[in-house]
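Structure at a glance
The primary structure of each chain is shown beneath.
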Amino acid sequence: MFIESPAALPSIPDAVPGGGFAVLQRNSVGRLRAPRCPFEHGSAADAVTEADRRAAQSPGREFVVVEVVHTALVSGAADVAGEVVE
């Protein structure tokens, strides 16, 4: 399931923001297609179940389970004048 708005996540009981596993679709040229806000699963098993479910509903389409292996975050953002905003 793909979610287009972060505000929609709380209404989906199985969504795990920051869960680390997502199901993406591979397009016809082999590239992964991700929505703006992918639905995150809390375990690989849950994501695999979802990928299998979606594949069964969409014959000929490939679904891939991906796992977050690294995140990076820089604290503070520069405003238009170049000053750091905390």
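Just so we're clear, the structure is a prediction, and the values are computed from it rather than from any experiment.

**Quick notes on the overall build of the protein chain**
For the protein chain, the helix and strand inventory stands at one helix and eight strands. Ordered by position in the sequence, the α and β elements of the protein chain form the string β-β-β-β-β-α-β-β-β. The buried share among the 86 residues of the protein chain stands at 24%.

**A look at the environment of Arg53**
Mapped onto the secondary structure, Arg53 falls in helix H1 (residues 44–57). Sequence-wise, Arg53 and Phe63 are 10 residues apart; in three dimensions their C-alpha atoms are separated by 9.6 Å. Within the structure, Arg53 has its side chain in polar contact with the side chain of Gln57 (distance 2.9 Å).

**Points about the environment of Ala47**
Residue position: Ala47 is located in helix H1. On a C-alpha basis, the gap between Ala47 and Leu24 in space is 9.9 Å, while along the polypeptide they are 23 residues apart. Look past the residues within four positions of Ala47 in its chain and what remains in contact with it is Phe21, Val23, His41 and Val65.

**A short note on the pattern of salt bridges**
On inspection of all chains with the given rule, the structure shows two salt bridges. The partner of Glu62 in a salt bridge is Arg26, with the nearest N and O atoms 3.5 Å apart. With Glu62 in strand E6 (residues 62–67) and Arg26 in strand E2 (residues 21–26), this pair connects stretches of sequence that are 36 residues apart. The closest approach of N and O atoms between Glu50 and Arg53, which form a salt bridge, is 2.7 Å. Of this pair, Glu50 and Arg53 both sit in helix H1, separated by three residues, roughly a single helical turn. Assessed through its relative accessible area of 11%, Glu50 is described here as buried. Looking at Arg53, the relative accessible area reads 37%, which means it is partly exposed.

What counts and how
- Residues numbered from 1 in each chain as written.
- Predicted model: local features only at pLDDT ≥ 70, side-chain atom pairs only at ≥ 80, totals over all residues.
- Heavy atoms only, no water.
- Helix = DSSP H or I, 4+ residues; strand = E, 2+ residues; numbered from the N terminus.
- Buried < 20%, exposed > 50% of the residue type's maximum accessible area, 1.4 Å probe, protein only.
- Polar contact = N/O pair within 3.5 Å; in protein donor to acceptor, adjacent residues only side chain to side chain.
- Contact = heavy atoms within 4.5 Å.
- Salt bridge = Lys/Arg side-chain N within 4 Å of Asp/Glu carboxyl O.

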